[in-house]
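Coordinate inspection notes
Here is how the chains run, residue by residue.
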Amino acid sequence: MLQVWALDGIREITPGDDLVGVILDALTEPLHDGDIVVVTSKIVSKAEGRIIRADDREDAITRETVRLVASRTSPTGHVTRIVENPLGIVSAAAGVDASNTPEGTVLLLPVDPDASARRLAEGLRAVARVGVLITDTLGRAWREGQTDHAIGAGGIHVFEDLRGTTDAEGRPLVVTLPCVADEIAAATDLVKGKASRRPVAIVRGRGDLVGELDLPGARSIVRDPARDMFRQGADEAYAEGFAAGRAARD
């Protein structure tokens, strides 16, 4: 049976806070071997001091941008940028976040969420052999709305490789590779919420996914550019192709 619940009583996090201690203090029952601790990236960013002034947000987006994927300007003049950030994640505004932050500030994503997750897992393993996921809210191409995804992982298998097995009818599975880290991240978003100040959740019942601390992290979820069939927004790809055609003609 799968159980998912959020922790209450986690205080406002400030730079330098010990998140392992904060999480352990908020537990109302002991962690079990095989539990998965899922932590919203915001509190990791706060603890790691990834806080900047809100009026620096656009500059921060630019600094955190490795590659512009698409940009749109609304009728009111607001510019939305979909970009690839240094973590390889493609998202709006490079993950620079203005929600659930102290007044007048915005948050950058952790510098290395996989390393942050491994440190948390290592600290929490003083009491139980757990895995840790760090999550962030992202949109999805071709679908409205957002859901949480795993951006950091420590001591947990991020994929469940079913290739080489068979389905219920005995047919071989060739490409089936569920991203269980993202599935767990989305499930915990149902109990953490966005405005309830419950940034940590526990998942119990998938201890088979918990493993060594040196397992590949969430960075392995990001598709290799060589296999990325959608590197640009439609308007950007058209403009680039049009410009190339004109240059070749001239």
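Since we're looking at a predicted model, the values are computed, not measured. (Residues numbered from 1 in each chain as written. Predicted model: local features only at pLDDT ≥ 70, side-chain atom pairs only at ≥ 80, totals over all residues. Heavy atoms only, no water.)

**A word on the pairing of strand β10 (residues 200-204)**
Quick reminder of the rule: Note on classification: 1.4 Å probe, protein chains only; a residue is buried when its accessible area is under 20% of the maximum for its type, exposed when over 50%, partly exposed between these limits. Helix and strand definitions here come from DSSP, where helices need a minimum of 4 consecutive H or I residues and strands a minimum of 2 consecutive E residues; each element is numbered from the N-terminal end. Any two strands are treated as partners once DSSP identifies two or more bridges connecting them.
Summarising burial for β10: five of the five residues are buried, a large majority. Every second residue of β10 is oriented toward a common face, with Val200, Ile202 and Arg204 on one face and Ala201 and Val203 on the other, all of them buried. Where strand β2 (residues 36-40) meets β10, four bridges bridge the pair, whose relative direction is antiparallel. Its bridge partner being in β10, isoleucine 36 is matched across the sheet by valine 203.

**As for the nonpolar core**
Put simply, the rule is: Residues enter a nonpolar core if they are buried and are Ala, Val, Leu, Ile, Met, Phe, Trp, Tyr or Cys, with the set joined through side-chain atoms within 4.5 Å. Residue contacts are defined here by distance: any two heavy atoms, one from each residue, within 4.5 Å place the two residues in contact.
In terms of nonpolar packing, the biggest core is built from 30 residues, with Leu7, Leu31, Val37, Val39, Leu124 and Val200 touching the most fellow members. If you list the elements that add at least two residues to this core, you get α1 (19-26), β2, α2 (41-47), α4 (113-124), β8 (131-140) and β10. In terms of residue count, α1 provides more of this core than any other element does, five residues in total. If we skip the residues at most four places from it in the chain, leucine 124 touches Val20, Ile23, Leu24, Leu31, Val37, Val130 and Val132.

**Notes on the packing of aromatic side chains**
Quick note on the threshold: What counts as a ring pair is set by centres within 6.5 Å for rings of Phe, Tyr and Trp (its six-membered ring), and what kind of pair is set by the plane angle: stacked under 30 degrees, edge-to-face over 60, tilted for all other angles.
On inspection of all chains with the given rule, the structure shows one aromatic pair. Taking 4.9 Å as the distance between ring centres and 80° as the angle between the ring planes, the aromatic pair formed by tryptophan 142 and phenylalanine 230 counts as edge-to-face. Of this pair, tryptophan 142 sits in the loop between β8 and β9 (143-154) while phenylalanine 230 is found in the loop between β10 and α6 (234-249), placing the two residues 88 residues apart along the sequence. Like phenylalanine 230, tryptophan 142 is exposed.

**Description of the layout of surface pockets**
Convention followed: Definitions used for this entry: grid spacing 1 Å over protein atoms alone; cavity, a set of points where a 1.4 Å probe fits but cannot get out; pocket, an open set with protein on both sides within 12 Å along at least 5 of 7 lines; lining residue, one with an atom within 4 Å of a point. Grid points are joined across faces, edges and corners, and a volume is the space filled by probe spheres set on the points.
Of the pockets and cavities examined, the second largest pocket occupies roughly 390 Å³. Lys42, Lys46, Asn100, Arg197 and Pro199 are, among the 21 residues lining the second largest pocket, the residues nearest its centre. Looking at the lining of the second largest pocket, the elements that each hand over two or more residues are α2 and α5 (180-192). Ranked by residue count, the leading element in the lining of the second largest pocket is α2, at three residues.

**Digging into empty space enclosed by the protein**
The final tally for this structure, using the stated rule, is one cavity of 30 Å³ or more. Counting residues per element, the lining of the largest cavity draws most heavily on α2, which supplies three residues.

**A look at the sheet that holds strand β6 (residues 90-92)**
What links the strands of a sheet is backbone hydrogen bonding, and the strands pair in either a parallel or an antiparallel sense. What counts, and what does not: For helices, the axis comes from a line fit to the C-alpha atoms of the stretch in contact; other axes are also lines fit to C-alpha atoms, and the angle between any two N-to-C directions lies between 0 and 180 degrees.
If you walk across this open sheet you meet the three strands as β4-β5-β6, and the pairing is antiparallel. Only two strands of the sheet have a single partner each, and these edge strands are β4 (67-73) and β6. Averaged over all pairs of adjacent strands, the angle between their axes in this sheet comes to 15°, without regard to strand direction. Here β4 runs beside strand β5 (residues 79-84); their pairing, made up of six bridges, is antiparallel. What sits directly across from arginine 67, in β5, is glutamate 84.

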